[in-house]
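# Topology and contacts: notes
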Amino acid sequence: MSSTREVYVSRLQAEQLYKVFGRRPDEAVRKLEGGADRDELRADGTTAAVIDASFTVDPGQIFVVMGLSGSGKSTLLRMLNGLLEPTAGRVLFDGQDLTSLSAREMRTVRSSKISMVFQHFALFPHRSVLENAAYGLEVQGVPRAEREKRAAEALELTGLAGWGDSWPDELSGGMQQRVGLARALATDADLLLMDESFSALDPLIRRDMQDQLLELQKRLKKTIVFITHDLNEAMRLGDKIAVMRDGRIVQLGTAEDILLTPANDYVASFIQDVDRSRVLTALSVMTTPHRPDAGDCDCESVLADTPVADVCTVAARVPHPVAVKDADGSLLGVVPQERLIAFLGDDKQGPAVCSMEEVATHA
Amino acid sequence: MPRLHLGDWVDSAVDFLQRHLSWLFDAITQVVNGMYDGINAVLDAPQPLLFAGILAVVAWWLRGLSAGVLTFAGFALIDSIQLWDDTMSTLSLVLVAAIVTLVVAIPLGIWAARSKTVSAVLRPVLDFMQTMPAMVYLIPGIIFFGVGVVPGIIATIVFSLPPGVRMTELGIRQVDGELVEAAEAFGTTPRNTLVRVQLPLALPTIMAGINQVIMLSLSMVVIAGMAGGGGLGGAVYRAIGNVDIGLGFEAGISIVVLAMYLDRMTGALSRQVSPLGRRALAKAKAATGGLRIWNYRPQPAVAVVGVVVLALVAGGMNMFGSSNEATASGAKDVGKGKKISLGYIPWDEGVASTFLWKELLERRGFTVDARQYEAGALYTGMAGGQIDFETDSWLPTTHAQYWAKYKDKLEDMGSWYGPTSLELSVPSYVKDVNSLDDLKGKGAEFQNRIVGIEPSAGETGILKDKILKEYGLDGEYKVVDGSTPGMLAELKRAYAKKEPIVVPLWSPHWAYNTYDLKKLKDPKGVWGKGDGVHTLARKGFASDNAEVGTWLKNFKMDEKQLTSLEAKIQSTGKGKEQDAVRAWLKENPGLADKWTPVSS
């Protein structure tokens, strides 16, 4: 992070957020703090949707909250922009405590600083695509000419230039979500909340949208909180991932942290289905060089953040362990072929001694 | 179970309200009456065919050429069956009721959609309003608001409010929650969320509710007619009372034309006003393509110009219309334009004597307004002072209940005809039954039933409590409660098929002229002595109008006079009662001056 961006880009922090639905929520929070669990509360008829959630999101980061339905991830998201009021805890944004704002001040923050993209697009069917994209600006009271110009720019950004006069129901799902994205971008809000935004799309289109989001993010550097139930999506998008279960954040870390050191069996059971070779990088599989001049040959080498899948491709062509270098070309480590195979198979022991080894040597 | 005196509590509540909140009811009456008069004045002003043209242009704009043509044809039909004025007053009544209903229902619906508590409280209230039979609150309505259009409009509002509220609530509640959340997420104020997102998307449902409100209002016009609301409802009610199938059908078809027009127009309007509907229309238009005359719709601007031009022409023509009513002059002008309201029940002698008095009083310079009422409404209205007098009370027996209830607020101007008689009658082809004694043992022949009239009628009471017991018919015969028109229709049907039937009747009654009937003798004299037909006036009428009071007290008719007048009215036709009276007075010179003498 450069220090200049620090000034412009916002920062989000959640401190011990609780959300309890039902009777006497404050008492429920005290019980939870005292160590009571969710099921005990449910017997009283109260539901603890989010329990003791704390995290920080750095400027320009995509923070993904991953969890199955009922894990409290959508509730958590709605507390960040005040659509739901936390039962306890604080949300700090740009150093401002959002939970202390009045309803009117909160609306101002929502209209100018935080925008949101929805699971089922939530486009207004009685407004054209352009009017939809301009909605946030209309709420801010921006004059018509200017808001239409900015909305058209936002549409262009999401690849929908020229579709402004169409109506939402004339577009495909993917295009509708691009309108949703354009609507969120048009207000120039720093914080983008995305609630399962790609879950309702076909797998191919979902992938397209993920790529486009990453592409946009390179240029716009928004701070994004992204909700998903798909760990693959979380790992593709997330700079940092929070895994939620039963209202609690059970693990908080980078994609690699989660993949390499799952906090518990629950997280571990999740990552079984993840394509490890696309998430893990050379950095996480490399070992100390077998010889100091390992990187000096002319063979192909890889960078630290090259996915393991691509390291495999290189390893197939290189007759010795693959060198891992940083951007300047200095050697960081090497990846021996058997280590690659062990990682893909999730084996942590390494090769054992083979009883036939001597026979093989003698033969 | 202890008896809860719910009814008594309601009675005293009504009394209390009438005593302490009359200022409020008067204010409501003033406002509603004002609205009705204003709208009716506008609708009634243009020439019928021109106004039909205006309505047709509106239909053309909203639905196309064929709808315009059909509209014109429909309203031309109404004009040709001479129900135009009635139709316009019904339209005014429906419009006033619908406007008031919507002004109340839509905010209530919005409130209910935003608050679960309000919704929960409103629901049973709406159920109550929708299902409580209108007749139950019509009479209290008359006590509060007096006879005329107001209680009819109030009853209509009560009946048509629930769908307006429910559809508004439903429409707003069924707007996708994610859309509302999206609006909030972008910082929209609750008020703007309602105006910019919820209401536009709920509009089709709300418009369906408006449509329901209007249709239900139309279905209530007959009830309104019973309370003196006039219009097509009055015509239908009059037709029912006289078993006049022709008039009933004509008035009914006019209601249908009006209903279809309002239904189609509000339906089309809902598509014009909602953004989604407009889009669908544009799409459909693009799909058919071309500018064929059939699909051509005048633009709103063109339609407005057309309506305005027609309205101006209509207004201009109206300027030349002049009244040429005969007016009394000189010594004969006793009334000097003073207003007198007459009420009547659609019984033949009532109609005859009422229009006779209307004519007599108009000749003496009074402005007379004669309206038909349901019996309960008539007495309540007279007790409340809105009706000055009526000429058709059968006392002391038949109308005893009404007299007992309201005698403190009424004055008896004496009997002008009598005696009348009550009886059971059979067609003369029923050979062996001549007296009430003969009915015993013949139950099977009459299917063990006496086709009765209203359970509230005095005659029904005597029949059930006394006649059946005294003549030992209890158990053998059952009195089938119904209505006078129902009884007469059944009599007509049985008579045509020559089936045995026994019905309660009274004399004088036109049925004796129409059918060959036999009055069953009453050897034990259980029916009692006959009634006299009395003129009743509101308390104080005779002292306010000394001459008229004297004339009414001295008024007498004999059987020949009454039957000949009734026959004249019958032969002249419906709606021309007063012409018949004029003709009859011409044939009977001197009677008018005898009944309404002026000191010269």
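Owing to the predicted nature of the structure, the values given are computational and were not obtained by experimental measurement.

## A few points about the overall build of chain B
- The helix and strand tally for chain B stands at 26 helices and 10 strands.
- If you line up chain B on its principal axes, its C-alpha atoms span 90 × 70 × 55 Å.
- The 600 residues of chain B split such that 50% are buried.
- A separation of at least 24 residues holds for 80% of the contacts in chain B among residues at least 6 apart in sequence.
- When the accessible surface of chain B is split by element, carbon and sulfur atoms take 61% of a total near 27900 Å².
- In chain B, which carries 58 positive and 58 negative side-chain charges, the distance between the mean positions of the two groups comes to 5 Å.

## Observations regarding the UniProt feature "transmembrane region" (unreviewed entry) in chain B
Residue and element names in this part refer to chain B.
- The feature "transmembrane region" (unreviewed entry), as annotated in UniProt, sits at residues 49–78, 90–114, 134–159, 213–237, 243–262 and 301–320 in this numbering.
- What you have in residues 49–78 is 97% helix and 0% strand, and the ends, taken at the C-alpha atoms, are 10 Å apart.
- Each end of residues 90–114 is marked by a C-alpha atom, and these two atoms are 35 Å apart; helix forms 100% of the span and strand 0%.

## Focus: the nonpolar core
- Counting residues in each nonpolar core, the largest one holds 99 residues, and the members touching the most others are Leu76, Leu80 and Val225 of chain A together with Phe75 and Ile153 of chain B.
- Dropping the residues within four chain positions of it, Leu76 of chain A is found in contact with Leu17, Val50, Ala53, Phe55, Val65 and Met244 of chain A.
- Grouped together as the second largest cluster of nonpolar side chains are 76 residues, Val334, Leu520, Phe555 and Ala592 of chain B included.

## A short note on the pattern of salt bridges
- In this structure the tally under the stated criterion is 33 salt bridges over all chains.
- Among the salt bridges present, the one from Asp246 of chain A reaches Arg38 of chain A, with a minimum N-O distance of 3.3 Å. One end of the pair, Asp246 of chain A, is in the loop between strand S9 (240–245) and strand S10 (248–253); the other, Arg38 of chain A, is in helix H3 (residues 38–43), and 208 residues separate them in sequence.
- In this structure, Glu148 of chain A engages Arg144 of chain A in a salt bridge whose closest nitrogen and oxygen atoms are separated by 3.2 Å. Linking Glu148 of chain A with Arg144 of chain A, this pair stays in helix H8 (residues 144–157), spanning four residues, or about one helical turn.
- A single salt-bridge network, built from bridges that share partners, covers Glu359, Arg363, Asp579 and Arg582 of chain B.

## Notes on unusual backbone geometry
- Following Leu395 of chain B, the chain continues into Pro396 of chain B via a peptide bond in cis, with omega recorded as 10°.
- In this structure, Pro396 of chain B sits in the loop between strand S3 (389–395) and helix H18 (400–406).
- Note the cis peptide between Gly418 of chain B and Pro419 of chain B, where omega equals -5°.
- Locating Pro419 of chain B in the fold gives a position in the loop between strand S4 (410–417) and strand S5 (421–427).
- Unlike most non-glycine residues, Lys221 of chain A shows phi in positive territory, near 50°.
- Locating Lys221 of chain A in the fold gives a position in the loop between helix H10 (203–220) and strand S8 (223–228).
- Judged by its relative accessible area of 32%, Lys221 of chain A falls in the partly exposed class.
- The backbone phi angle of Lys498 of chain B is positive, close to 55°, even though this residue is not glycine.

## Brief notes about the layout of surface pockets
Residue and element names in this part refer to chain B.
- For the second largest pocket, the calculated volume is near 1500 Å³.
- Taken together, the elements giving at least two residues each to the lining of the second largest pocket come down to helix H1 (6–20), helix H2 (22–44), helix H6 (116–131), helix H7 (134–145), helix H8 (149–173), helix H17 (375–383) and H18.
- For the lining of the second largest pocket, a count of residues per class yields 28 nonpolar, 11 polar and seven charged.

## Description of the sheet that holds strand S9 (residues 517–519) of chain B
All names here are of chain B.
- Pairing within the open sheet is antiparallel, and its three strands lie in the order S8-S5-S9. Among the strands making up the open sheet, the edge pair consists of strand S8 (503–507) and S9. Mean inter-strand twist for the sheet, computed between neighbouring axes without regard to direction, equals 50°.

## Brief notes about the interface of chain A and chain B
- Taken residue by residue, the interface counts 29 residues in chain A and 20 residues in chain B.
- Summed over both partners, the interface of chain A with chain B buries about 2100 Å², with 62% contributed by carbon and sulfur atoms.
- Contact with chain B buries area across many residues of chain A, yet Arg107, His126 and Tyr135 of chain A alone supply 28% of it, more than any other trio.
- Measuring nitrogen to oxygen at the nearest pair gives 3.4 Å for the salt bridge that ties Arg196 of chain B to Glu138 of chain A.
- Summed over the shared surface of chain A and chain B, the number is seven residue pairs in polar contact (both at pLDDT 80 or more).
- At the level of secondary structure, the elements contributing two or more residues to the side of chain A that touches chain B comprise helix H5 (103–112), strand S6 (114–117), helix H7 (135–140) and helix H9 (173–186) of chain A.

## Looking at the pairing of S6 of chain A
All names here are of chain A.
- Side chains Ile114 and Met116 project from S6 onto one buried face, and the interleaved Ser115 and Val117 project onto a second face that is buried too.
- Pairing analysis gives four bridges linking S6 to strand S7 (residues 191–195), with the strands arranged parallel. Residue pairing in the sheet places Ile114 in a bridge with Leu191 of S7.

## Considerations on the packing of helix H16 (residues 348–363) of chain B against helix H24 (residues 559–572) of chain B
Residue and element names in this part refer to chain B.
- Running from N to C, H16 and H24 cross one another at 90°; their axes reach a closest spacing of 9 Å. By the criterion of interaxial angle, the relationship of H16 to H24 is roughly perpendicular. On H24, the residues that touch Asp348, Glu349, Ala352 and Leu356 of H16 are Leu562, Leu565, Glu566, Ile569 and Gln570.
- Looking at side-chain class alone, the contact of H16 with H24 contains five nonpolar, one polar and three charged residues.

## Considering H10 of chain A
All names here are of chain A.
- Between its first and last C-alpha atoms H10 spans 25 Å; for 18 residues at 1.5 Å apiece the expected length is 26 Å, and the two agree.
- Buried residues along H10 sit in contact with strand S3 (62–67), H8, H9, S7, S8 and helix H11 (231–237).
- Positive phi shows up at Lys221, right after H10, with a value of about 50°.

## A few points about a nonpolar patch on the surface
- A surface patch of nonpolar side chains, amounting to about 440 Å² of accessible area, comprises Leu4, Leu6, Trp9 and Val10 of chain B.
- For Val10 of chain B, a relative accessible area of 45% corresponds to the partly exposed category.

## A few points about the confidence of the model for chain A
- Mean pLDDT for chain A: 85, with 94% of residues reaching 70 or above.
- pLDDT under 50 marks residues 1–10 of chain A. Its contacts with residues more than four places away, or in other chains, come to 13 contacts.

## Some points on the pairing of S7 of chain A
All names here are of chain A.
- Most of S7 sits inside the fold, with five of its five residues counted as buried.
- Judged by which residues are buried, S7 turns out to be covered on both faces: Leu191, Leu193 and Asp195 on one side and Leu192 and Met194 on the other are all buried.
- Here S7 pairs with S8 via five bridges, running parallel. Residue pairing for S8: Leu191 is matched across the bridge by Thr223.
- In this fold, the crossover linking S7 to S8 by way of H10 has right-handed handedness.

## Comments concerning the packing of aromatic side chains
Residues and elements named next belong to chain B.
- Taken as a whole and assessed by the stated rule, the structure comprises 23 aromatic pairs over all chains.
- Ring centres of Phe389 and Phe541 lie 5.5 Å apart, and the angle between their planes is 45°; this geometry places the pair in the tilted category. Of the two residues, Phe389 is situated in strand S3 and Phe541 in helix H22 (residues 541–544); the sequence distance between them amounts to 152 residues.
- Since its relative accessible area comes to 0%, Phe389 is described here as buried.

## Quick look at the sheet that holds strand S4 (residues 88–93) of chain A
All names here are of chain A.
- Strand order in the open sheet formed by four strands is S2-S1-S4-S5, with antiparallel pairing between adjacent strands. For this open sheet the edge positions go to strand S2 (47–57) and strand S5 (96–97), each flanked by a neighbour on one side alone.
- Inspection of the sheet shows S4 paired to S5 by two bridges, in the antiparallel sense. The residue of S5 that forms the bridge with Leu92 is Asp97.
- Of the strands in this sheet, strand S1 (12–21), S2 and S4 are in contact with helix H2 (residues 25–33), which crosses S1 at around 115°.
- Lying over the sheet, helix H4 (residues 73–80) contacts S1, S2 and S4, oriented at roughly 120° with respect to S1.

## Some details on the packing of H9 of chain A against H10 of chain A
All names here are of chain A.
- Look at H9 against H10: their axes get within 11 Å of each other, and the N-to-C directions meet at 20°. It follows that H9 is roughly parallel to H10 by the angle criterion. Viewed along their axes, H9 and H10 form a crossing whose handedness is right-handed. Between H9, through Gly174, Gln177, Arg178, Leu181 and Leu185, and H10, the contact on the second element is made entirely by Ile205, Met209, Gln212, Leu216 and Leu220.
- Partitioning the contact of H9 with H10 into residue classes produces six nonpolar, three polar and one charged.

## Focus: the side chain of Arg107 of chain A
- Mapped onto the secondary structure, Arg107 of chain A falls in helix H5.
- Among buried Asp, Glu, Lys and Arg side chains, Arg107 of chain A stands out as unpaired, with Glu184 of chain B the closest opposite charge at 8.6 Å.
- Setting aside chain neighbours within four positions, we find Arg107 of chain A in contact with Gly187, Thr188, Thr189 and Pro190 of chain B.

Here is what the cut-offs are and how they apply
Residues numbered from 1 in each chain as written. Chains lettered and ligands numbered in written order. Predicted model: local features only at pLDDT ≥ 70, side-chain atom pairs only at ≥ 80, totals over all residues. Heavy atoms only, no water. Helix = DSSP H or I, 4+ residues; strand = E, 2+ residues; numbered from the N terminus. Buried < 20%, exposed > 50% of the residue type's maximum accessible area, 1.4 Å probe, protein only. Contact = heavy atoms within 4.5 Å. Areas by Shrake-Rupley, 256 points an atom, 1.4 Å probe, with all protein chains shown as cover. Lys, Arg positive; Asp, Glu negative; His and termini not counted. Charge placed at Lys NZ, Arg CZ, Asp CG, Glu CD. UniProt positions renumbered as here; feature names shortened; annotations may be inferred. Core = buried A, V, L, I, M, F, W, Y, C linked by side-chain atoms within 4.5 Å. Salt bridge = Lys/Arg side-chain N within 4 Å of Asp/Glu carboxyl O. 1 Å grid on protein atoms, 1.4 Å probe; cavity = no way out; pocket = protein on both sides within 12 Å on 5 of 7 lines; lining within 4 Å. Points joined across faces, edges and corners; volume = space filled by probe spheres on them. Nonpolar A, V, L, I, M, F, W, Y, C, P; charged D, E, K, R; others polar. Pairing = 2+ DSSP bridges. Axes fitted to C-alpha atoms, helices over the stretch in contact; angles between N-to-C directions. Buried area = accessible area lost by both parts, 1.4 Å probe. Polar contact = N/O pair within 3.5 Å; in protein donor to acceptor, adjacent residues only side chain to side chain. Parallel < 35°, antiparallel > 145°, perpendicular 65-115°, else oblique. Expected span 1.5 Å × (residues − 1). Patch = residues over 30% accessible without salt bridge, like charges linked within 9 Å, V, L, I, M, F, W, Y side chains within 5 Å. pLDDT = per-residue confidence, 0-100. Right-handed = clockwise from strand over helix to strand, strands pointing away. Phe/Tyr/Trp six-rings, centres within 6.5 Å; stacked < 30°, edge-to-face > 60°. Left-handed = near helix turned anticlockwise from the far one by under 90°.

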